[in-house]
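Breakdown of the fold
Residues per chain, in single letters:
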Amino acid sequence: MVRSTSNSAAVTDRFSKWLNRFAWLTCVATLLLICSGGMVTSKGVGLSVPDWPTTFGYNMFLFPVSKWVGGIFFEHTHRLIASAVGFLTIILAIWLRRREPRRWVRNLGAVALGAVILQGVLGGLRVTMIKDEIGIFHACIAQAFLGLLVVIALVTSKFWRTLSNSVVDPKEIAPIITLAIAITLAIYAQLALGATMRHQHRDLAILDFPTANGAWIPDTSATALTRINAWRDGQGFSDVTAFQIWLQMAHRFLALLIAIAVVAFCLRVGRDAQGVTALKPLSVFWVALVACQITLGAWTIWSNKAADVATAHVAVGAIMLSFGVSISAICRRISSRQLGREPCQSGSELPGASQHVVP
């Protein structure tokens, strides 16, 4: 009887471990997909393949490799990676449905499946309807989808269960939770601003940094815009509007606010959440990512939006969002444990947990 129960528990643990590894694999594939999409946009080759779901009339998966040249290579491989992510998400949703005892986690898998289908449709509409607004929405949903997958990977990990042992004063963790969620939302808004800038204007609206058109506060009067666009025309750049200039300024200003907030969060964690050992290294890495992201943002401008630099900027932004989602989820987990409001009882945290109790 004891041997049978132990074997069942071992099998369940093994399934949980591989499920978690598969969830993280799906996260990595999605990050690669975001990088691929960033490269397509940065190089301006989003319409190199004019049809969808076919590729120049071929079945997408049978398109000859010999024809993967120029912009077609980046657009076609983006489609193939997207198909792989869709396939992985289908498997993940089914796996969660069959092996995950927590209903809310199974529901997350179903939401992820719906999101990846929506993304595929939006990607196709972006090609067939040729609308920048769809491209912006497509990019924003991609970042939210990655955040959702990160949550699934986190809550199916053994680390998630160990968080129930953390001892933190609820009054001290509450402001940390609020700050983490606020920063994460700000990062998402920043990514949305970046997506709008990339899809709305093929050139940079402001070509210098840290100044803006030679000033700390750009002049966007009609006279100044006439002068700026005359110079841009002479250099081969497209014209710019006041809205596009202030959109980039908003992106810079929000980046500064996020940087200050992340540093403040790291200091607050070091002072008030020492009982949660995972939060300190995560917050320190978050600060490092902010520094890297600001550097890449400046480099993007100095290099006149070089495709590889701009894509790295997109990738680090996605990783920053993933860190924010993870930190927010960890804080919420600890808080709900301390207040006795965990959505699932501890016995259901581990699939087959009731089998660990040997009569």
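Overview of the structure. (Residues numbered from 1 in each chain as written. Predicted model: local features only at pLDDT ≥ 70, side-chain atom pairs only at ≥ 80, totals over all residues. Heavy atoms only, no water.)

Side note on unusual backbone geometry
Excluding glycine, residues mostly have negative phi values, and the peptide bonds linking residues are mostly trans. For the record, the criterion: By definition, any uninterrupted DSSP run of H or I lasting at least four residues is a helix, any uninterrupted run of E lasting at least two residues is a strand, and each is numbered from the N terminus.
For the bond from tryptophan 52 to proline 53, the omega torsion is 5 degrees, close enough to zero to count as cis. Take proline 53: it is sitting in the loop between α1 (2-43) and α2 (71-99). Going from phenylalanine 209 to proline 210, the amide bond is cis rather than trans, its omega being 10 degrees. With respect to the helices, strands and loops of the structure, proline 210 is situated in the loop between α6 (170-200) and α7 (222-235).

Side note on the packing of helix α3 (residues 103-129) against helix α4 (residues 132-155)
A pair of packed helices is captured by two measures, namely the crossing angle of their axes and the spacing between those axes. Stated precisely, the cut-off is as follows: To get an axis, a line is fitted to the C-alpha atoms, and for a helix only the part in contact is used. The angle between two axes follows their N-to-C directions and goes from 0 to 180 degrees. Roughly parallel covers angles under 35 degrees, roughly antiparallel covers those over 145, roughly perpendicular covers 65 to 115, and oblique covers all other angles. Helix crossings are classified by the rotation of the near helix relative to the far one: an anticlockwise turn of less than a right angle makes the crossing left-handed, while a clockwise turn makes it right-handed. Gly is put with the polar residues, along with every residue not named as nonpolar or charged; the nonpolar set is Ala, Val, Leu, Ile, Met, Phe, Trp, Tyr, Cys and Pro, and the charged set is Asp, Glu, Lys and Arg.
Here α3 crosses α4 at 160 degrees, and the two axes come no closer than 9 Å. In terms of their interaxial angle, α3 and α4 are classed as roughly antiparallel. Taken as a pair, α3 and α4 cross one another with a handedness that is left-handed. When grouped by side-chain class, the residues that make up the contact of α3 with α4 number 20 nonpolar, five polar and two charged.

A word on the pattern of salt bridges
Keep this limit in mind: Counted as salt bridges are all cases of a side-chain nitrogen of Lys or Arg within 4 Å of a carboxyl oxygen of Asp or Glu. Per-residue accessibility, obtained with a 1.4 Å probe over protein chains only, is compared with the maximum for each type, and a residue is labelled buried under 20%, exposed over 50%, and partly exposed between these values.
Under the counting rule described, the total for this entry stands at two salt bridges. We note a salt bridge from arginine 79 to glutamate 75, for which the minimum N-O separation is 3.3 Å. A residue pair is termed a helical-turn pair when its members lie 3 or 4 positions apart in one helix, as arginine 79 and glutamate 75 do in helix α2 at four residues. Residue classification places glutamate 75 among the buried positions, given a relative accessible area of 5%.

Section: the nonpolar core
Put simply, the rule is: What is meant by a nonpolar core is a set of buried Ala, Val, Leu, Ile, Met, Phe, Trp, Tyr and Cys residues, joined one to another through side-chain atoms within 4.5 Å. Should any heavy atoms of two residues lie within 4.5 Å, those residues are considered in contact.
Judged by nonpolar contacts, the single largest core of 64 residues is most densely connected at Leu92, Ile152, Ile187, Phe265, Leu279, Trp286 and Met320. Residue contributions to this core peak at 13 residues, all from helix α10 (residues 307-338). If sequence neighbours within four positions are ignored, methionine 320 has contacts with Ile187, Ile258, Trp286, Leu289, Val290 and Gln293. Among the nonpolar cores identified, the runner-up in size contains eight residues, and Ala205, Ile228, Val240 and Met249 belong to it.

Description of the environment of glutamine 119
In this structure, glutamine 119 sits in helix α3. Note on glutamine 119: relative accessible area 10%, which makes it buried. In the structure, glutamine 119 is positioned 26 residues away from phenylalanine 145 in sequence and 9.0 Å away in space, judged by C-alpha atoms. When residues no more than four places from it in sequence are discounted, the contact partners of glutamine 119 are His138, Ile141 and Ala142.

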